[in-house]
Amino acid sequence: WLYGQNTLVKIIIRALRSHPRCEAIRQLTLRDAPEPQGTLLYRLNVEGNSLVHFDHVILAACAHDRYVPYNSASLDPSPEALADTRTKGLAYSAMLQHLLLSLEDAGVHGTRVDVDFRLAGRSLDQSVGRAAHLQYLLDQNFVERFVCTYARQFVDIADPPMAETVGTASRRHRGPQSSQPQA
C-alpha cells in the first residue's frame, strides 16, 4: 500500500490506521514501530522468510486490482519505489531485494502471472478497483483454470510411463477379456 494509486483506498487506510483495533493496517503500512526496520513486516522479511521453504512460488498480479498494487503483488519494484529516498522507501526496497535474493539463493522457482479480468459494465466495485481484487476468489472458472494450468507447481504429479499408458488404453478399448480354458 505504500505505492498504491487508489486515492479512496489510501484515505480509508489513513482513517483505519488511527483506530486502536486495526493493528494489521499499521503493520501493513510499516507504521507499527518508530523505524521501519523495527516493524513486523520488516522483521519477518529479514529474520524468517517463509517463502524459501517452497519449491515453487506463483505471484499473480492484476493491473485492474487497485487494492493491492500490481508491483507489490508481482514483487516487482515500481518506479516510485526505486526513486523513493525516504526511510520507508529505502526499507521497502531493502525488503524487496532481500526477499528476491533469498528466493534465488534457496533455489525457489518463481513464476509471475499477469491476470486480466475482463469485467463487463461499470460498477462502484470497478471504480474503486475492488472488483478485480475479488475475482481471484469469486470467479470459479478462473480458479479452476489457474489451478489446472499450474497444477504441477502446486503438487508433485508424476507422469506414468508411456508403456503403462498405452497398455491401459489398449485394454480399455478391446473389451472384456474372454477366459479360455487351457488344454
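Our subject is the structure that appears above.
Note that this is a predicted model, so its numbers are computed, not measured.

## Focus: the overall build of the chain
So, point 1. Broken down by element type, the chain carries 11 helices and 2 strands.
So, point 2. Helices (α) and strands (β) of the chain occur, in sequence order from the N terminus, as α-α-α-β-α-α-α-β-α-α-α-α-α.
So, point 3. Looking at the chain as a whole, 29% of its 183 residues are labelled buried.
So, point 4. Look at the contacts in the chain between residues 6 or more apart in sequence, and 62% of them connect residues 24 or more apart.
So, point 5. Total accessible area on the chain is roughly 12,900 Å²; 57% of this is exposed by carbon and sulfur atoms.

## So, unusual backbone geometry
So, point 1. A positive phi is found at Leu30, a non-glycine position, where the angle reads about 55 degrees.
So, point 2. Positionally, Leu30 belongs in the loop between α2 (23-28) and α3 (40-47).
So, point 3. With a phi close to 50 degrees, Leu75 is a non-glycine residue in the positive phi region.
So, point 4. Assignment of secondary structure puts Leu75 in the loop between α4 (70-73) and α5 (79-83).

## Quick look at the layout of surface pockets
So, point 1. Empty space within the largest pocket amounts to approximately 760 Å³.
So, point 2. Along the walls of the largest pocket sit 25 residues, with Leu41, Ser72, Leu75, Met95 and Leu99 positioned nearest its centre.
So, point 3. The greatest single-element share of the lining of the largest pocket, amounting to 4 residues, is contributed by helix α6 (residues 87-105).
So, point 4. For the lining of the largest pocket, the class distribution of residues is 18 nonpolar, 7 polar and no charged.

## Looking at the environment of Leu99
So, point 1. Topologically, Leu99 is positioned in helix α6.
So, point 2. Along the backbone, Leu99 and Val46 are 53 residues apart, and their C-alpha atoms lie at a distance of 7.9 Å.
So, point 3. Those residues in contact with Leu99 that sit more than four places away from it in its chain are Asn45, Asn49, Leu51 and Leu75.

Parameters and conventions
Residues numbered from 1 in each chain as written. Predicted model: local features only at pLDDT ≥ 70, side-chain atom pairs only at ≥ 80, totals over all residues. Heavy atoms only, no water. Helix = DSSP H or I, 4+ residues; strand = E, 2+ residues; numbered from the N terminus. Buried < 20%, exposed > 50% of the residue type's maximum accessible area, 1.4 Å probe, protein only. Contact = heavy atoms within 4.5 Å. Areas by Shrake-Rupley, 256 points an atom, 1.4 Å probe, with all protein chains shown as cover. 1 Å grid on protein atoms, 1.4 Å probe; cavity = no way out; pocket = protein on both sides within 12 Å on 5 of 7 lines; lining within 4 Å. Points joined across faces, edges and corners; volume = space filled by probe spheres on them. Nonpolar A, V, L, I, M, F, W, Y, C, P; charged D, E, K, R; others polar.

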